[in-house]
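Chain by chain, the residues run as shown.
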Amino acid sequence: MKTLGVKLSMAVAALAVGLGATPALAEKVKFEFWYGLSGDLGERVQDTCKKFNESQADYQIVCTSQNGYPETVQNAIAAYRAKKHPAIVQVFDGGTLDLMLSGAFVPAKKLMEDNGYKIDWANYFGGIANYYATSKGELYSFPFNSSTAMFYYNVDAFTKAGIEGAPQTWEDVEAAARKLKAAGYACPLGFSFDTWATVEQFSAIHNQPIATKNNGYDGLDTELVINKTKLVDHLTFFKKMTDEGLFVVKTKQLGMDVVPAFTSETCQMIQSSIADHGTVGKTIKPGTKWDVTMLPVWKGTERQNSLVGGASLWVLNNRPEAEYKGAAAFLNFIAQPDMVEWWSTVTGYIPVTKTGFDAMKANGFYDKPAYKGRDKAIASLTFTPTSANTRGIRLGGFPQIRKEISDAMEGIFFGKLTVQAGLDQAVERGNAILRRFEKTYAGRALN
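Computed from a predicted structure; not experimentally measured. (Residues numbered from 1 in each chain as written. Predicted model: local features only at pLDDT ≥ 70, side-chain atom pairs only at ≥ 80, totals over all residues. Heavy atoms only, no water.)

Right, let's talk about the pairing of strand 2 (residues 59–65) for a bit. Regular strands place their side chains on alternate faces of the sheet. Here strand 1 (residues 29–35) runs beside strand 2; their pairing, made up of 7 bridges, is parallel. Among the inter-strand pairings, Phe31 is bridged to a residue of strand 2, identified as Ile61. Crossover connection from strand 1 via helix 2 (residues 39–55) to parallel strand 2: handedness right-handed. (Pairing = 2+ DSSP bridges. Helix = DSSP H or I, 4+ residues; strand = E, 2+ residues; numbered from the N terminus. Right-handed = clockwise from strand over helix to strand, strands pointing away.)

Attention shifts here to unusual backbone geometry. The residue Asn214 is not glycine, and still its phi comes out positive at about 55°. Structurally, the position occupied by Asn214 is in helix 10 (residues 212–215). One non-glycine residue, Glu265, adopts positive backbone phi at about 65°. Its place among the elements puts Glu265 in the loop between helix 12 (258–263) and strand 9 (267–273). Under the relative-accessibility criterion, Glu265 is labelled partly exposed at 26%. (Buried < 20%, exposed > 50% of the residue type's maximum accessible area, 1.4 Å probe, protein only.)

Another aspect to go through is the domain arrangement of the protein chain. Domains assigned within the protein chain are domain 1 (2–147 + 309–369) and domain 2 (149–306 + 396–440). Taken over C-alpha atoms, the centre of domain 1 sits 33 Å from the centre of domain 2. Each partner contributes to the interface: domain 1 provides 17 residues, whereas domain 2 provides 14 residues. Both faces combined, the contact of domain 1 with domain 2 buries some 1,300 Å², and carbon together with sulfur accounts for 55% of it. Our enumeration of links across domain 1 and domain 2 arrives at 2 salt bridges. (Domains from an automatic or database assignment. Contact = heavy atoms within 4.5 Å. Buried area = accessible area lost by both parts, 1.4 Å probe. Salt bridge = Lys/Arg side-chain N within 4 Å of Asp/Glu carboxyl O.)

Two residues of an α-helix separated by three or four positions point the same way, owing to the 3.6 residues in each turn. Listing the buried residues of helix 16 (residues 354–362) in full gives Gly356, Phe357 and Met360. With its buried residues spanning 95° around the axis, helix 16 presents them on a single face. Summarising the contacts, the buried residues of helix 16 are in contact with helix 15 (337–346) and helix 17 (375–381). Within two residues after helix 16, Gly364 carries a phi angle of roughly 75°, on the positive side. (Arc of directions from axis to C-beta.)

The next thing to look at is helix 15. Burial in helix 15 covers these residues: Met339, Val340, Glu341, Trp342, Trp343 and Ser344. One or two steps after helix 15, the chain reaches Gly348, where phi turns positive at roughly 130°.

Time to look at the sheet that holds strand 7 (residues 187–191). On the basis of which strands lie adjacent, the open sheet formed by 5 strands has the order 8-7-9-6-10 and mixed pairing. For this open sheet the edge positions go to strand 8 (247–249) and strand 10 (290–294), each flanked by a neighbour on one side alone. Pairs of neighbouring strands in the sheet enclose a mean axial angle of 30°, with direction left out of account. In terms of strand pairing, strand 6 (residues 149–154) meets strand 9 through 5 bridges, oriented antiparallel. Bridging from a neighbouring strand, Met150 pairs with Ser272 of strand 9. Helix 8 (residues 170–182) rests against strand 6, strand 7, strand 8 and strand 9 of the sheet, and its axis sits at about 145° to strand 9. (Axes fitted to C-alpha atoms, helices over the stretch in contact; angles between N-to-C directions.)

This part covers the packing of aromatic side chains. For the coordinates displayed, the defined rule picks out 33 aromatic pairs. Measuring from ring centre to ring centre gives 4.9 Å for Phe191 and Phe413, while their planes differ by 65°; the resulting arrangement is edge-to-face. Of this pair, Phe191 sits in strand 7 while Phe413 is found in helix 18 (residues 398–413), placing the two residues 222 residues apart along the sequence. Since its relative accessible area comes to 3%, Phe191 is described here as buried. An aromatic cluster of at least three residues, connected via ring pairs, comprises Phe151, Trp170, Phe191, Phe193, Phe237, Phe238, Phe247, Trp298, Phe413 and Phe414. The positively charged end of Arg303 is found above the aromatic ring belonging to Phe383, 5.7 Å away from the centroid. (Phe/Tyr/Trp six-rings, centres within 6.5 Å; stacked < 30°, edge-to-face > 60°. Lys NZ or Arg CZ within 6 Å of the ring centre and 35° of its normal.)

Pasting the structure below:
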């Protein structure tokens, strides 16, 4: 019986080997990626993750939306403190300084070098990379979903109103708005209290500072100056046009945000991200002629490069080494030209590298009607080399500062505050946020 038992055991073992049960297959290394995008753009992130998982057999990325940029940063910080954080987190432009000073990350260059990847860091467009780089130009995070603000206009409405060409100046916009109003359009231009286009991008392309110390790049003791720049005159113009019914406030709280206002043809001109280009194309009435151009400047202005928007990907420290190998593989995967083109195709975000952009041009991407005009975002970002006022905005507590400016704009356009009083209020409250941030990081120097 003993001999029979041994033979039976050997047979079972042999069968197991034949079925592939031994040697045991290595499990995929799982690692997490938290991101802030939701809706259609959030689904495209999930598609990206699926493509990576299907492209190789060693790693499995688990991607989870936090349903908003500020929420993603807050949740990641809380998870980091509890030692339950993801390997990769998407951080929007306004959260860059908070991550830089946290020390809770693995620098991009170190991560890729440690895992055997050679990256040409100079391949990133300067107008994109400089927003996320140190003062020495070293990237701490990976530019991912990059955009800039553009001016959208309804070509059909322009034609009916007798308007030729895209507005290049704000004088052109005013003239177009008056013609559209006379032609029966109730909302020539729609806008919201989002500060990104009307305040930040306006300041950059007009070479106006947001704050002292080179917009915060040269020290935490920076102060806001938006109440002393051309922004005062610009918002005064917006208020005048709003009072005349030529510009109309469009927000979610009032029932319709700017992009739906444009795609429903309620409003004929808006300022919005190039990332919305795909959404506009998919949701506007089929056959409608529309286009985008660079944001207008005031006549006589020497246009400067616009600011990059969107977010970058940060790799957080204190994760297992195997996860870092997976994170590096994922970041290398999404940087390949075919993935760069796919991402731009399905979203509207722009390529972040020169080779990615060149490959898309060579493939005729921007010649296709559905993607026409998206290359103007690159032209806007690279219009001039970045300078002190166009490199970016590096302010502590920037999301809260944006909220103070937005609240001031609401007060201005709802008649509760004058333009000067509103901006003075935003500066006073914003500077209080900066001083609290400076105190929190006392003794810490910017890199």
